[in-house]
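# A closer look at the structure
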Amino acid sequence: MDPEAGSVTRESRLKFYKATLCLAYQSFGVVYGDLSSSPLYVYKSTFSGRLRLHEEDDEILGVLSLVFWTLTLIPLCKYIIFVLGADDNGEGGTFALYSLLCRRAKLGLLSASDASDDDISAYNSGLPRKETVASSILKEFFDKYHSSRIVLLLLVLLGTSMVIGDGILTPSMSVLSAVNGIRIKVPSLHENYTVFIAGVILVGLFALQHFGTRNVGYLFAPILLAWLFCISVIGVYNTIYWNPHVVSALSPYYVYNFFKKAGKDGWSSLGGIVLCITGAEAMFADLGHFSQLSIRIAFTVIVYPCLVLAYMGEAAYLSKHKEDLQKSFYKAIPEVVFWPVFIIATLATMVGSQAIISGTFSVISQCRALKCFPRVKVVHTSNHIHGQIYIPEVNWILMVLCLAVLVGYRDTDTIGNAYGLAVITVMFVTTCLMFLVIVMVWKRNILGALAFVIVFGSVELLYFSACLAKVHKGGWFPLVLSLILLSTMCIWHYGTLKKQAYELNNRVCLDMLLSMGTNLGINRVPGIGLIYSNVATGVPPMFAHFVTNFPAFHRILVFVTVQSLTVPKVPANQRFVISRIGPPEFCLFQCVVRYGYKDQRNDTHDFENHLIETVSEFLRNGNNDGEAFRWETTNQQQSSPSDDVTASSFENVVSSESSKKTVRFRGVGCSKELEDLREARESGLAYMMGSTCVLACDTSSYLKKFAINIVYGFLRQNCRHPAIALGVPHTSLIEVGMVYRV
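As recorded in an unreviewed UniProt entry, the protein chain goes by the name Potassium transporter, listed as coming from Gossypium mustelinum. A UniProt comment under Sequence similarities (unreviewed entry) is attached to the protein chain, and it reads "Belongs to the HAK/KUP transporter (TC 2.A.72.3) family." The Function (unreviewed entry) field of the UniProt record for the protein chain holds the comment "Potassium transporter."

Encoded structure:
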């Protein structure tokens, strides 16, 4: 055996282990803030209802047993063992599962968009599994019944709506629970003051969002580790000092005994117990920032045992101090360490709130990319981690809603009823999607998929029923909020599809455009014109309308279509797909620009350079079919001697002052077209896009008129302009007004 090869292998392994441990360390500050802060309010919420009438040791030990087995079944078994393996090329979350189903099982609503990413090599690796009987039956069912695909999309959007609701309830619940600890030491303090203090913290938290988490990311992990260390040590102390017998509650017998004695009141208390797994979905949703192994190590080695010890110690304290059921967490803290733990608890809840707010931004960005959410401004706060984003409009709306929840409810028990319903709904949606992934993507036996749904789905439905029974006690909020968000996303998606369908059905054929040009006497002016539309083939109706009223356009025209695919990221060398429209002398090109739902859009200058370089590469290769071409951006450097001796080559350098990048043209055998492209680039670029008014037809139903004319029209008028969303410079923009009757 070669000793050098063995040394390289050991070095690579050490590097891998070091990187994994580093990611595991960072995950504490991003993933586990919400899950780790749940001991603040679980016992209080559980014993807030009729269960407070049951103050025997059997009920307390039964609640501990339920918490332990819930933590074991849902976060440990379901997410750590199974769900983390359903990543979409390293990305997680509800949209990642939907992306897998759209691409691998073809369950998307638009077959064209589903097929447009088939050539992306990075997402088609691996040997295809043999089709099973169950996957064939399910695929045939979805193909036969188009409404089933609509239901699937609605299920995904429901889960997304609940995640956004979670982003509103988590900061209010966790921060108020931490601040309430002051009243343990100052009982005479009115609750208005605690609500005010919590409100100030929330305003400060949302005001700092525009800075991003990059500069303080490493600060979050020590806070969470200090918090987990505190609650675990206090848990061990309380267990040994007050009641070591609580260890026996880890037996599932105590769950049976709990329901036997508490009966219906025990079932009602499940709405509080479910709060012990709030934040478990973040382990999957934030997978794109880390790795499966790092998240599994962090949870199983640190988070899970620390939480079990914390709940165990609190139950030991409660078994000897039943009068403290409503304030057990802070009462169980030894006097000597109360204030340090209180400060760490407040900081930990802020970290947990930060994580869920960032997660909400990420989810909304994914919805926007897939045309299920109105256009909003997405600011990338980190050049290294694509998931760290900031959305100004959403941030301030979240802050207002968080303050409204805080002032309106004023009590963690009522907020907990709404919080639990939002959390368990997202988890059940994940379970349903996992069933389809196991059968249709992984091609596994349907019995295994059914076992997965029965084991985890039955537990989640039990908790869901308990949370649903508390709708009148605050649980209505996530339902109303999700209904509003779901309606908004559905109407936006429906209106966008109708607008695209109109453009597709009314696109102009090339012969008609050429005959129109002959009759109108169209002139060609110097420069490059980029025509933005949703039509991936042919000429959009907006351009024909423009030519009819103003018979002149640029020497070189590129019809640009920006597509958002159901993949996380599109490789840079497969982003542009160039094809030619008509004969070469017309200088008409079609360019499809493809982005994944996690991709960061380039700035305008980089986009122009990349596009022109791709067109020049297309011309150099002499291709007339729609192939994808690699583009490369290089640092400025002196030309090599071999370049200078080629008489037919030329080079044009377009410099970027900010990034010091250049775009290079080298013509070999096609110098005329490349020369035209170079001259047109020097003359300047102009952008053209439609300024459309979308209205329902006069014969449409009143429901469609309300959805299109009123709701969709309102959203289009008040969201970001398409030119701003695409980064088009206002001084170079030409807008063409049209009315679409859909």
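That covers the picture; the talk isn't over yet.
### Digging into the overall build of the protein chain
A tally of regular secondary structure across the protein chain gives 29 helices and eleven strands. Only carbon and sulfur atoms are counted for the fraction: they give 62% of the accessible area of the protein chain, which is about 31700 Å².

### Thoughts on the pattern of salt bridges
Tallied over the entire structure, the rule returns 18 salt bridges. In this structure, Asp 57 engages Lys 322 in a salt bridge whose closest nitrogen and oxygen atoms are separated by 3.0 Å. Here the residue Asp 57 occupies a position in helix H4 (residues 57-82), and Lys 322 occupies one in the loop between helix H16 (292-320) and helix H17 (328-331), the gap between them amounting to 265 residues. Look at Asp 57 and you get partly exposed, because its relative accessible area is 34%. Assessed through its relative accessible area of 23%, Lys 322 is described here as partly exposed. The closest approach of N and O atoms between Arg 681 and Glu 608, which form a salt bridge, is 3.4 Å. A residue pair is termed long-range when its members are at least 10 positions apart, and Arg 681 in helix H27 (residues 671-683) and Glu 608 in helix H25 (residues 604-621) qualify at 73 residues. For Glu 608, a relative accessible area of 11% corresponds to the buried category.

### Examining the packing of aromatic side chains
Summed over all chains, the structure comprises 38 aromatic pairs. For the pair Phe 82 and Phe 452, a centre-to-centre distance of 5.7 Å together with 75 degrees between the ring planes defines the contact as edge-to-face. Of this pair, Phe 82 sits in helix H4 while Phe 452 sits in helix H21 (residues 446-468), and the two are 370 residues apart along the sequence. Here the aromatic cluster, defined as three or more aromatic residues joined through ring pairs, consists of Phe 28, Tyr 32, Phe 68, Trp 69, Phe 299 and Tyr 304. Positioned over the ring face of Tyr 702 is Lys 705, at 5.8 Å from the centre of the ring.

### Focus on empty space enclosed by the protein
One pass over the full model with this rule turns up four cavities of 30 Å³ or more. Roughly 110 Å³ of internal volume is contained in the largest cavity. Breaking the lining of the largest cavity down by element, the ones donating at least two residues are helix H11 (217-242) and H16. For the lining of the largest cavity, the element with the highest residue contribution is H11, accounting for four residues. Class assignment of the residues belonging to the lining of the largest cavity gives a composition of eight nonpolar, two polar and one charged.

### Focus on unusual backbone geometry
Positioned with a positive phi, Lys 106 is a non-glycine residue whose angle comes to about 60 degrees. For Lys 106, a relative accessible area of 28% translates into the label partly exposed. The phi angle at Lys 443 is positive, at roughly 60 degrees, despite the residue not being glycine. On the secondary structure map, Lys 443 appears in the loop between helix H20 (412-441) and H21. Judged by its relative accessible area of 17%, Lys 443 falls in the buried class.

### Here we look at a nonpolar patch on the surface
Residues Leu 14, Phe 16, Tyr 17 and Leu 293 make up a contiguous nonpolar surface patch of roughly 430 Å² in combined accessible area. Ranked by residue count, the leading element in the nonpolar patch is helix H1 (residues 3-30), at three residues. Tracing the backbone shows Leu 14 in helix H1. On the basis of relative accessibility, which here comes to 60%, the residue Leu 14 falls in the exposed class.

### A few points about the packing of helix H7 (residues 133-144) against H20
Following both chains from N to C, one finds H7 and H20 inclined at 115 degrees, their axes separated by 8 Å at the closest point. It follows that H7 is roughly perpendicular to H20 by the angle criterion. Residues Ala 134, Ser 135, Leu 138, Lys 139 and Phe 142 of H7 touch H20, and the partners they reach there are Phe 435, Leu 436, Val 439 and Met 440. Grouping the constituent residues of the contact of H7 with H20 by class yields seven nonpolar, one polar and one charged.

### What about the packing of helix H22 (residues 476-505) against helix H28 (residues 702-718)?
The contact between H22 and H28 brings their axes to 10 Å, and the two run at 100 degrees. Between H22 and H28, the angle is such that the two are roughly perpendicular. Each of Thr 488, Ile 491, Trp 492, Tyr 494, Gly 495, Thr 496, Lys 498 and Lys 499 in H22 lies in contact with H28, whose residues at this interface are Lys 704, Ala 707, Ile 708, Val 711, Tyr 712, Leu 715 and Arg 716. A per-class count over the contact of H22 with H28 returns eight nonpolar, three polar and four charged.

### Looking at the environment of Phe 142
By the secondary structure assignment, Phe 142 is in helix H7. Leave out the neighbours within four places in its chain, and Phe 142 touches Leu 107, Ser 148, Arg 149, Leu 436 and Met 440.

### Remarks on helix H5 (residues 94-104)
Since there are 3.6 residues in each turn of an α-helix, residues three or four apart along the chain are aligned in direction. Within H5, ten of the eleven residues are buried, which leaves the element mostly enclosed by the surrounding structure. Every buried residue of H5 is accounted for by Thr 94, Phe 95, Ala 96, Leu 97, Tyr 98, Ser 99, Leu 100, Leu 101, Cys 102 and Arg 103. Looking one or two residues past H5, Lys 106 carries a phi angle of roughly 60 degrees, positive in sign.

### Re the nonpolar core
Taken as a class, soluble globular proteins show a tendency for nonpolar side chains to be buried jointly. Counting 164 residues, the largest nonpolar core has Tyr 32, Trp 227, Met 283, Phe 299, Tyr 311 and Tyr 330 as its most contacted members. For this core, the leading source of residues is H20, giving 19 residues. Setting aside its immediate chain neighbours within four residues, Met 283 contacts Val 31, Tyr 32, Pro 75, Tyr 79, Ile 80, Leu 84, Ile 295 and Phe 299. Listed in part, the 30 residues of the second largest apolar core include Phe 546, Leu 557, Ile 708 and Val 736.

### Things to note about helix H10 (residues 191-207)
Over its 17 residues, H10 extends 24 Å from the first C-alpha to the last, a length consistent with the 24 Å expected when each residue adds 1.5 Å. Listed as buried for H10 are Thr 194, Val 195, Ala 198, Gly 199, Ile 201, Leu 202, Leu 205 and Phe 206. Projection of H10 onto a plane perpendicular to its axis shows the buried side chains occupying an angular sector of 165 degrees, all on one side. What points out from H10, more than 90 degrees from its buried face, is the exposed set Tyr 193 and Phe 196. In the core, the buried residues of H10 are packed alongside helix H8 (146-179), helix H9 (182-185), helix H18 (338-369) and helix H19 (392-409).

### Side note on the environment of Leu 433
Structurally, Leu 433 is set in helix H20. Overall, Leu 433 belongs to the buried group, its relative accessible area being 0%. A sequence separation of 20 residues divides Leu 433 from Val 453, and the C-alpha atoms of the two residues are 9.9 Å apart. Setting aside anything within four residues of it in sequence, one finds Leu 433 in contact with Thr 94, Leu 97, Leu 101, Leu 152, Leu 155 and Val 156.

About the criteria used
Residues numbered from 1 in each chain as written. Predicted model: local features only at pLDDT ≥ 70, side-chain atom pairs only at ≥ 80, totals over all residues. Heavy atoms only, no water. UniProt positions renumbered as here; feature names shortened; annotations may be inferred. Helix = DSSP H or I, 4+ residues; strand = E, 2+ residues; numbered from the N terminus. Areas by Shrake-Rupley, 256 points an atom, 1.4 Å probe, with all protein chains shown as cover. Salt bridge = Lys/Arg side-chain N within 4 Å of Asp/Glu carboxyl O. Buried < 20%, exposed > 50% of the residue type's maximum accessible area, 1.4 Å probe, protein only. Phe/Tyr/Trp six-rings, centres within 6.5 Å; stacked < 30°, edge-to-face > 60°. Lys NZ or Arg CZ within 6 Å of the ring centre and 35° of its normal. 1 Å grid on protein atoms, 1.4 Å probe; cavity = no way out; pocket = protein on both sides within 12 Å on 5 of 7 lines; lining within 4 Å. Points joined across faces, edges and corners; volume = space filled by probe spheres on them. Nonpolar A, V, L, I, M, F, W, Y, C, P; charged D, E, K, R; others polar. Patch = residues over 30% accessible without salt bridge, like charges linked within 9 Å, V, L, I, M, F, W, Y side chains within 5 Å. Axes fitted to C-alpha atoms, helices over the stretch in contact; angles between N-to-C directions. Parallel < 35°, antiparallel > 145°, perpendicular 65-115°, else oblique. Contact = heavy atoms within 4.5 Å. Core = buried A, V, L, I, M, F, W, Y, C linked by side-chain atoms within 4.5 Å. Expected span 1.5 Å × (residues − 1). Arc of directions from axis to C-beta.

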